[in-house]
Amino acid sequence: MTALPILPAGFRFGASTASYQIEGAVDEDGRGPSIWDTFTREPGRIRNGDTGDVAIDHYHRVEGDLDLLAELGIHDYRFSIAWSRILPQGTGAVEPRGLAFYDRLVDGLLARGIRPVPTLYHWDLPQALEDRGGWLSRDTAEALGDYVGVVVERLGDRVRDWITLNEMSVQTLYGYALTDHAPGRGLGFGALPAAHHQLLAHGHAVARLREAGAERVGVAQQHFPVVPASESMDDLVAAGTFQAITNWLFADPILAGRYPEELRPLIPLDDAQLAADLELISAPLDFYGVNYYEPMLVEAPREGTDYAGAAEVDLPEGLPFALLPYPSEERTDFGWAIAPGQLTAILRELRERYPNLPPVVITEGGASFHDGPGPDGAVHDARRIAYLDAHLRAVADAVAAGVDVRGYYTWSAFDNFEWAAGNDERFGLVYVDYATQERIRKDSFAWYRDVITAQPSDR
Ligand code: FCB
């Protein structure tokens, strides 16, 4: 393999995690329950009945985990803050022990020369807010703003980079339209208010962060490149509709201050209210976070075809689009298509669509391969190395094509609780033995460290 292409000087390498996926300690230090605590206790929701109750026990092992991150040599560490550790009921009383945990985490990162990049909301909504309507309620957006105010007041003297929400599209689609993720509502198009209220929450968060003098503010959005199954008009229209729902519904309001025209009628707000909301939502950002995993192949539903189980997401019948597996010879052990060229494509598409696109950071990218320790005790995950290598090259291609990409954060630093798929899916550079909580550096750990060391730096 040739040496990795050189990315621009100052390009930032990082790794990402999220609170519910790693912390465990769900009943400790006053943490209130979140929708994921509730959801994982419902029979049949999670593969093998796994939960995040213990996860990788990061809450108790934070010092050792930070030492591993320092050894990895990353510039930035993206983690998320659990809202219900800070405000156990979502609003009202603040839990000082929750704040103290993230205080220690931030100090521990800075002491090791790593820049903290917290995500303020990565899907673990306090259950108390879900009980009052969750993201279907406009009040939740305001509650998020107040929570952000509490966090930035405490950490804002040391944290310069902030990510508001993670993948509102996935939470809306999987958690509110379908039933795969918490809170498992299954509302179909009735989920649209959850999209608007998360966007509004983003707007409130940006406003609070700006008031507090935050230096760099961004968002982390899942972008599935949408590929039509053929060039036929029907398939192109179907792909366009799906594209609007998965990508533009969430990106247009932030980056262009509008909703895709065809979806506007589904937003139950009058024009004046919507205009005011969109003004807040579209406040300028310092960076735009893109999470990329795989493309989606979409066609107009063919009569008599049973699409159940065809793609990773099962959509209800009667929709004007159907999902097919993206044709790719290589797949991860999770079954996701490996298509690095589509990362370049979506980055170019974003740049073309949005004249005001801020600098981009790839806030997540990675793969689940199930490799575990071999007879020599090591984890030889050559496929992850190949995956990351190909995707970094795809980023370099996008940069060469004129997209301003400033960083790449791999998902994930450690193996962790992968939502509905439980503990079987392993995305980490560090292997975790769930029985003993032993951490083992995979081969990709050393590889990533060497890539980082080899890059030019103007830091
Ligand atoms: C993303 C999530 C992240 C992780 C990866 C594999 O959609 O943001 O928490 O689960 O997928």
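Quick note: structure is the one above.
Not measured: the values here are computed from a predicted model.

Scoring rules and cut-offs
- Residues numbered from 1 in each chain as written.
- Predicted model: local features only at pLDDT ≥ 70, side-chain atom pairs only at ≥ 80, totals over all residues.
- Heavy atoms only, no water.
- Pairing = 2+ DSSP bridges.
- Helix = DSSP H or I, 4+ residues; strand = E, 2+ residues; numbered from the N terminus.
- Axes fitted to C-alpha atoms, helices over the stretch in contact; angles between N-to-C directions.
- Contact = heavy atoms within 4.5 Å.
- Parallel < 35°, antiparallel > 145°, perpendicular 65-115°, else oblique.
- Left-handed = near helix turned anticlockwise from the far one by under 90°.
- Core = buried A, V, L, I, M, F, W, Y, C linked by side-chain atoms within 4.5 Å.
- Buried < 20%, exposed > 50% of the residue type's maximum accessible area, 1.4 Å probe, protein only.
- 1 Å grid on protein atoms, 1.4 Å probe; cavity = no way out; pocket = protein on both sides within 12 Å on 5 of 7 lines; lining within 4 Å.
- Points joined across faces, edges and corners; volume = space filled by probe spheres on them.
- Nonpolar A, V, L, I, M, F, W, Y, C, P; charged D, E, K, R; others polar.
- Near = heavy atom within 4 Å.
- Polar contact = N/O pair within 3.5 Å; in protein donor to acceptor, adjacent residues only side chain to side chain.
- Areas by Shrake-Rupley, 256 points an atom, 1.4 Å probe, with all protein chains shown as cover.
- Sits in = over half its atoms within 2 Å of the grid points.
- Phe/Tyr/Trp six-rings, centres within 6.5 Å; stacked < 30°, edge-to-face > 60°.
- Lys NZ or Arg CZ within 6 Å of the ring centre and 35° of its normal.
- Expected span 1.5 Å × (residues − 1).

**A look at the sheet that holds strand β3 (residues 115-121)**
Reading around the circumference, β1-β2-β3-β4-β5-β7-β10-β11 is the order of the 8 strands in this closed barrel, with parallel pairing throughout. When the angles between neighbouring strand axes are averaged without regard to direction, this sheet yields 25 degrees. Bridge analysis of strand β5 (residues 216-222) against strand β7 (residues 287-291) gives 5 bridges, and the strand direction is parallel. From the neighbouring strand, G218 faces β7, where its bridge partner is F287. Those strands touched by helix α5 (residues 96-111) are β2 (76-80) and β3, and its axis lies near 170 degrees from that of β2. Across the sheet, helix α10 (residues 233-256) is in contact with β5 and β7; its angle to β5 comes to roughly 165 degrees.

**Thoughts on the packing of helix α8 (residues 168-177) against helix α9 (residues 192-211)**
Contact geometry of α8 with α9 gives a least axis separation of 9 Å together with a crossing angle of 150 degrees. Comparing their axes, α9 and α8 come out roughly antiparallel. α8 and α9 meet at a crossing whose hand is right-handed. The segment α8 lies against α9, with M168, Q171, T172 and Y176 engaging A194, A195, Q198, L199 and H202.

**Concerning the nonpolar core**
Counting 143 residues, the largest nonpolar core has W36, W83, W135, L144 and Y147 as the members making the most contacts within it. At 11 residues, α10 tops the list of elements feeding residues into this core. Those residues in contact with W83 that lie beyond four places of it in its chain are G90, Y121, D124, L125, P126, L129, W135, T140, A143, L144 and Y147. I163, A220, F287 and V361 belong to the second largest nonpolar core, which has 6 residues in total.

**Describing the sheet that holds strand β9 (residues 322-324)**
Ordered in space as β6-β8-β9, the 3 strands form an open sheet in which the pairing is mixed. Looking at which strands have only one partner, the edges of the open sheet turn out to be β6 (226-228) and β9. The mean angle between the axes of side-by-side strands here comes to 45 degrees, regardless of whether they run parallel or antiparallel. Both β6 and strand β8 (residues 296-299) contribute to a ladder of 3 bridges, which runs parallel.

**Let's talk about the layout of surface pockets**
Counted as a void, the largest pocket has a volume near 630 Å³. What lines the largest pocket is a set of 34 residues, among which Y174, E312, F334, W336 and E418 lie closest to the centre. Of the residues in the lining of the largest pocket, the class split is 20 nonpolar, 6 polar and 8 charged.

**Some thoughts on the site of the ligand**
In the vicinity of the ligand, the contacting residues are Q21, H122, W123, N166, E167, Q222, Y293, E364, W411, E418, W419 and F427. Interatomic distance of 2.8 Å between a side-chain N/O atom of H122 and an oxygen atom of the ligand. A distance of 2.6 Å separates an oxygen atom of the ligand from a polar side-chain atom of E167. Notes on the ligand: free accessible area 300 Å², of which the protein chains cover 96%. A majority-of-atoms criterion places the ligand in the largest pocket. Each residue belonging to the shell around the ligand can be placed in one class, and the counts come to 5 nonpolar, 4 polar and 3 charged.

**Some words on the packing of aromatic side chains**
Summed over the entire model, instances satisfying the criterion amount to 21 aromatic pairs. Look at F13 and Y448: their rings are 5.8 Å apart centre to centre, the planes differ by 80 degrees, and that puts the pair in the edge-to-face class. Of the two residues, F13 sits in strand β1 (residues 12-16) while Y448 sits in helix α14 (residues 443-454), which places them 435 residues apart along the sequence. Taken as a pair, F13 and Y448 share a single burial class, namely buried. Cluster of aromatic residues (ring-pair linked, three or more members): Y20, W36, F39, W123, F417 and W419. Directly above the ring of F445 sits R441, whose terminal nitrogen or CZ lies 5.9 Å from the centroid.

**Digging into the environment of E153**
With respect to the helices and strands, E153 occurs in helix α7 (residues 138-155). A residue is classified by how much of its surface remains accessible, and E153, at 71% relative accessible area, is exposed. It is 29 Å that separates the C-alpha atoms of E153 and F414, two residues lying 261 residues apart in sequence.

**Considering the pairing of β3**
Along any regular strand the residues' side chains alternate between the sheet's two faces. Across the 7 residues that make up β3, a large majority, 6, are buried. Alignment of β2 against β3, held across 5 bridges, turns out to be parallel. What sits directly across from Y77, in β3, is P116. As defined by bridge partners, β3 adjoins strand β4 (residues 161-166) across 2 bridges and the pair is classed as parallel. Pairing of Y121 across the sheet is with L165, part of β4.

**A look at the environment of L187**
Structurally, L187 can be placed in the loop between α8 and α9. Sequence separation of L187 and R208 is 21 residues, and the distance between their C-alpha atoms is 31 Å. The contact partners of L187, leaving out residues within four places of it in the chain, are L136, Y176 and A177.

**What to know about helix α12 (residues 340-353)**
In a regular helix each residue adds 1.5 Å, so 14 residues correspond to 20 Å; α12 covers 20 Å between its end C-alpha atoms and thus fits that length. Looking at α12, one finds that the buried residues are Q342, L343, T344, I346, L347 and L350.

**A short note on helix α13 (residues 382-400)**
Taking 1.5 Å as the rise per residue, α13 with 19 residues should run 27 Å; its terminal C-alpha atoms sit 27 Å apart, in good agreement. Taken together, the buried residues of α13 touch β1, α12, β10 (360-364), β11 (405-411) and α14. At the C-terminal side of α13, G402 shows a positive phi close to 100 degrees.

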